[in-house]
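Observations on chain architecture
Spelled out from the first residue to the last, the chains are:
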Amino acid sequence: MENRDAKKSEPTFESLRTYQCPEWFRDAKFGIWSHWGPQSVPMCGDWYARNMYQQGTEQYNYHVRHYGHPSKFGYKDLCALWKAEKFDPDALMEKYYNAGARYFIAQASHHDNFFSFPSKWNRFNSVEVGPHKDICGLWKAAAEKYHIPFGVSEHLAYAYSWWRTNKGADSYGPYAGVSYDGSDPKYRDIYLDNCEYADDPTKWPLDRGLTDNTAFREYWLKVMKELIDLYEPDLLYSDSALPFGEKGLNDEIKDYQYGLDAVSYLYNKSISKYKTNHAVYTQKDQREEIYRVGTLDMERSQLSGIAKQPWQSDTCIGGWFYSARMNYLHPGQIIEILVDIISKNGTLLLNILQRPDGTIDDETDWILEELAKWFAINAEAVYGTCPWRIAGEGLSSTKIEAFNEERIEWNASDFRFVKKGEKLYAFIMCPKAGTAAVIRSIKETEHVKTVRLLGYGEVKFVWFAGVLTVTIPDKLPTEYVNALEITFA
């Protein structure tokens, strides 16, 4: 239920743990994310801004051979090449909406300290550099045309330690000992004043990612408030634990206070706008006492069973930034991931990769078209549903490992369940035309009245001794996961 008392939140754990996830997020189930920025320019994948300053990595080698040594041509120069000249947010949003997305997230800042919005705190932004466009603002306007919630993702909290590599130098070769351009005092605001991390490889990612640098923490909070004021987002995603606490640190209240201040500011802005808290905040600390200030996010992973509260899993069709070498997920696998997640009270946020000019490639377009065809048949079994008493039945299960998206070998025993009102929807994870689907989880006291295959119509069934046997027609409505609507007498 939405919080309708319009009571302002306080920047404390006690206040923010009373948070209730708004109904729009619980019902939306599927969102699309534009994880896009200047790191897409080389089309060499994720973490380019960090790895181009690490001698011997593939991205360093590409950068040196394509653009020049990072003492001469650094990341600041690469960002000037990001033009987004063919970026058409309205056309893309139409594709995303048709493909089933019912909320949209734009990347506002990555770990590279580059902002896709105008900022008084950082000249390193898309209005002053590169595209000379308010990328987030354009995305928001497009989302509003389709009346879907709009959110932003921030990856800034990790930037201080993540980007220490720009202060280094080659250890061998023709530029041995020559400092990278991140050491130039003229660009300290862009490359961050993080010199104390430059020579200590243990600072990231082994024992800590978030920083205890007070000046940077204050900078982060000012930027979060700026972002919230500019766009009044329906969702704010932190690619971190709640800043600036993290497992392995002291976890004192002072470490979390900046994050608590930002979350409270987000919620109160939403209350001012809607007279109730319409906003969602997601972060990645899996400790309930932390994530209950908002909504849990599981990057490229998920939960093993039904959660009491709505949660989010985020993944990508390929890598997080465009790569010319990356394989993409098959649309059938994306649908299987979605269905498994919603059966556990979750939502799926899917990153759709864009090339540096703002366009998507032909394979991505095909994936979106396949999703659109599937949602046209099965939307009623997705939107507005809730978990049933169990998530599913069958011999197969998802591997609960971070960043493990190996496709599951589903079989005829596998089903996933959701409900809407008095209706039960059973997703057939491994459908085969002309066979029988056998469901064993319905109680003997729950007398089945009708069974309808979405996209086909009512189908024959036998209900006996707590076992439902459904006749599957010779032609399936979709080659991917199919759904049965089951009603009871």
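Refer to the preceding data block for the structure.
Residues numbered from 1 in each chain as written. Predicted model: local features only at pLDDT ≥ 70, side-chain atom pairs only at ≥ 80, totals over all residues. Heavy atoms only, no water.

Viewed as axis vectors pointing N to C, helix H13 (residues 331-342) and helix H14 (residues 362-378) meet at an angle of 50 degrees, and their least axial separation amounts to 9 Å. It follows from the interaxial angle that H13 and H14 lie oblique. As for the relative orientation of H13 and H14, their crossing is right-handed in sense. Contacts from Pro331, Ile334, Ile335, Leu338 and Val339 in H13 reach Trp366, Ile367, Glu370, Leu371, Trp374 and Phe375 in H14. Taken together, the residues of the contact of H13 with H14 break down into 10 nonpolar, no polar and 1 charged. (Axes fitted to C-alpha atoms, helices over the stretch in contact; angles between N-to-C directions. Helix = DSSP H or I, 4+ residues; strand = E, 2+ residues; numbered from the N terminus. Parallel < 35°, antiparallel > 145°, perpendicular 65-115°, else oblique. Left-handed = near helix turned anticlockwise from the far one by under 90°. Contact = heavy atoms within 4.5 Å. Nonpolar A, V, L, I, M, F, W, Y, C, P; charged D, E, K, R; others polar.)

Here we take up the environment of Glu380. Relative to the helices and strands, Glu380 resides in the loop between H14 and strand E9 (386-393). Exposure remark for Glu380: the relative accessible area of 28% places this residue in the partly exposed category. Separated by 20 residues in sequence, Glu380 and Ile360 place their C-alpha atoms 28 Å apart. In contact with Glu380, not counting residues within four places along its chain, are Thr385, Lys420, Tyr425, Arg452, Leu454 and Glu485. (Buried < 20%, exposed > 50% of the residue type's maximum accessible area, 1.4 Å probe, protein only.)

Another point: the sheet that holds E9. The strand order E9-E10-E11-E17-E13-E14 describes an open sheet built from 6 strands, whose pairing is antiparallel. Sheet topology places E9 and strand E14 (457-458) at the edges, where each strand pairs with a single neighbour. Pairing of strand E13 (residues 448-453) with strand E17 (residues 482-488), which is carried by 5 bridges, proceeds in the antiparallel orientation. When the bridges of E17 are listed, Arg452 appears paired with Glu485. (Pairing = 2+ DSSP bridges.)

One finds Tyr75, Tyr96, Trp139, Trp374 and Phe427 to be the most contacted residues of the largest nonpolar core, which totals 130 residues. If you tally residues by element for this core, the top one is helix H10 (residues 214-231), at 9 residues. Setting aside its immediate chain neighbours within four residues, Tyr96 contacts Ile32, Ala101, Phe104, Trp139, Ile352, Ile360 and Leu368. Counting residues in each nonpolar core, the second largest holds 20 residues, with Ala426, Leu453, Val459 and Leu484 among its members. (Core = buried A, V, L, I, M, F, W, Y, C linked by side-chain atoms within 4.5 Å.)

Before going further, it helps to spend a moment on the side chain of Thr211. Looking at the element boundaries, Thr211 is found in the loop between helix H9 (188-191) and H10. From its side chain, Thr211 meets the backbone nitrogen of Asn213 in a polar contact 3.0 Å long. (Polar contact = N/O pair within 3.5 Å; in protein donor to acceptor, adjacent residues only side chain to side chain.)

The next thing to look at is the pairing of strand E3 (residues 150-154). Of all 5 residues that make up E3, 5 are buried, and the element is covered over most of its length. Of the strand pairs in this sheet, strand E2 (residues 104-109) and E3 are connected by 5 bridges, and their pairing is parallel. The residue of E3 that forms the bridge with Ala106 is Val152. For the handedness criterion, the β-α-β arrangement of E2, helix H7 (residues 135-145) and E3 is classed as right-handed. (Right-handed = clockwise from strand over helix to strand, strands pointing away.)

Our focus in this paragraph is empty space enclosed by the protein. Within the structure shown, the criterion is met by 2 cavities of 30 Å³ or more. Lining the largest cavity are 19 residues; nearest its centre among them are Gln302, Ile337, Thr398, Asn404 and Glu405. By residue number, the principal contributor to the lining of the largest cavity is H13, which donates 5 residues. In terms of residue class, the lining of the largest cavity is made up of 4 nonpolar, 7 polar and 8 charged. Considered as a void within the structure, the second largest cavity measures approximately 40 Å³ in volume. Lining the second largest cavity are Ile228, Glu232, Pro233, Leu266, Lys269, Ser270, Lys273 and Tyr274. (1 Å grid on protein atoms, 1.4 Å probe; cavity = no way out; pocket = protein on both sides within 12 Å on 5 of 7 lines; lining within 4 Å. Points joined across faces, edges and corners; volume = space filled by probe spheres on them.)

Here 3 strands make up an open sheet; going across it, the order is E12-E16-E15 and the pairing antiparallel. Every other strand in the sheet has two partners, leaving strand E12 (436-439) and strand E15 (461-464) as the edge strands with one partner each. In this sheet, adjacent strand axes meet at a mean angle of 15 degrees when their direction is disregarded. Both E15 and strand E16 (residues 467-471) contribute to a ladder of 4 bridges, which runs antiparallel.

That is the geometry; function is a separate question.
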